[in-house]
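Read off the chains here:
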Amino acid sequence: MDRPIYITPEGLSTLRAELDHLWKKERPEIVAVVHWAAGNGDRSENGDYIYGKRRLREIDRRVRYLRKRIEDAVVVRPEEQPDHSRIFFGATVTYVNARDEEKTIRIVGEDEADSLNGMISWISPVARALMKASVGDVVTFRTPAGEDELEVLEISYPG
């Protein structure tokens, strides 16, 4: 991958918790089910065995992905950003769009993005347009429906 994997400390902790849950809780439970199902005879028609093996592959794939992401992650502490009057990674931003809709978002890493909860990836079009803007700035970005303008109303950082 050619771009850095930026992540907040909270996001890194969430990834580690998911990895821990999969590796120490869920995977051993599935291994026990597969072991039990394998002892029941014909594996070709054994639903517990077939499902268990499939779920083990899914878990192992996710574990590999999480380990790689955690290893390559660049933790950015938003409170340590040098200029809190401008928008950078980790900022919480309130803006109003051209339709006069006010929204508050937080710019986070790709693995933390959750648009329903106002957390958008730093590589999203909105975040990229807002980067380095200050309160009162109007930025333009492209949407599938055309260009849209956002006016920055407030910028804050945790801590």
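Procedures and definitions
All residue numbers refer to position in the chain's written sequence, counted from 1. Note on the predicted model: pLDDT of at least 70 is required for a residue's local features to be given, and 80 or more for side-chain atom pairs to be given and counted; whole-chain, interface and lining totals, by contrast, use all residues. Think of the side-chain values as coming from all heavy atoms in the structure, minus any hydrogens and water. Strands are runs of DSSP state E lasting at least two residues, helices are runs of H or I lasting at least four, and both sets are numbered from the N terminus onward. Three labels apply to residues, based on accessible area from a 1.4 Å probe with only protein chains included: buried if under 20% of the type maximum, exposed if over 50%, partly exposed otherwise in between. Contacts are assigned to residue pairs that have any heavy atoms within 4.5 Å of one another. By definition, a salt bridge exists where a carboxyl oxygen of Asp or Glu is found within 4 Å of a side-chain nitrogen of Lys or Arg. UniProt positions are given in the numbering used here, feature names are shortened, and annotations may be inferred rather than shown by experiment. Residue ranges for the domains trace back to a domain assignment, done automatically or taken from a database. The term buried area refers to how much accessible surface (probe radius 1.4 Å) is lost by two components on association, counted for both of them together. Whenever a nitrogen or oxygen atom comes within 3.5 Å of another N or O atom, the pair is scored as a polar contact, on the condition that within protein one atom can donate a hydrogen and the other can accept it, and that pairs from neighbouring residues in sequence are kept only if both atoms are in side chains. Three classes are used: nonpolar for Ala, Val, Leu, Ile, Met, Phe, Trp, Tyr, Cys and Pro, charged for Asp, Glu, Lys and Arg, and polar for all others, with Gly counted as polar.

> Could you give an account of the side chain of Asn46, naming the residues involved and the relevant values?
Tracing the backbone shows Asn46 in the loop between α1 (9–38) and α2 (47–72). Residue class for Asn46 comes out buried when judged on its relative accessible area of 11%. Sequence-distant contacts of Asn46, that is, excluding residues within four places in its chain, are made with Ala37 and Asn40.

> How would you sum up the pattern of salt bridges? Please name residues and give values.
The final tally for this structure, using the stated rule, is twelve salt bridges. As a salt-bridge pair, Glu18 and Arg62 come within 2.8 Å of each other at their nearest N and O atoms. Taken together, the residues span a long stretch of sequence, with Glu18 in helix α1 and Arg62 in helix α2 at a distance of 44 residues. Note on Glu18: relative accessible area 28%, which makes it partly exposed. What makes Arg62 partly exposed here is its relative accessible area of 31%. A salt bridge links Arg99 to Glu101; its shortest N-O distance comes to 3.4 Å. Classification of Arg99 by relative accessible area gives exposed; the value is 52%. Under the relative-accessibility criterion, Glu101 is labelled partly exposed at 34%. Connected via shared salt-bridge partners are Glu26, Arg55 and Glu58.

> Got a sec to walk through the UniProt feature "domain: Transcription elongation factor GreA/GreB C-terminal" (unreviewed entry) in the chain? Specific residues and values, please.
In the numbering adopted here, UniProt assigns the feature "domain: Transcription elongation factor GreA/GreB C-terminal" (unreviewed entry) to residues 84–157. End C-alpha to end C-alpha, residues 84–157 measures 7 Å, and it is 8% helix and 45% strand.

> Requested: an account of the domain arrangement of the chain, with residues and values cited.
The domain boundaries assigned to the chain delineate domain 1 (5–75) and domain 2 (78–156). In this structure, domain 1 and domain 2 have C-alpha centres spaced 34 Å apart. Both sides of the domain 1 and domain 2 interface together cover about 750 Å² of buried area, and 55% of this is carbon and sulfur. The three residues of domain 1 that bury the most area against domain 2 are Tyr6, Thr8 and Arg69, which together make up 58% of that side's buried surface. Applying the counting rule to domain 1 against domain 2 returns two salt bridges. Asp111 serves as the salt-bridge partner of Arg69, at 2.9 Å between the closest nitrogen and oxygen. Taken together, domain 1 and domain 2 are joined by five residue pairs in polar contact (both at pLDDT 80 or more). Those elements that provide at least two residues to the side of domain 1 that touches domain 2 are β1 (5–7), α1 and α2. Sort the elements by how many residues they give to the side of domain 1 that touches domain 2 and α1 lands first, with four residues. Residues belonging to the side of domain 1 that touches domain 2 are distributed by class as follows: six nonpolar, two polar and two charged.

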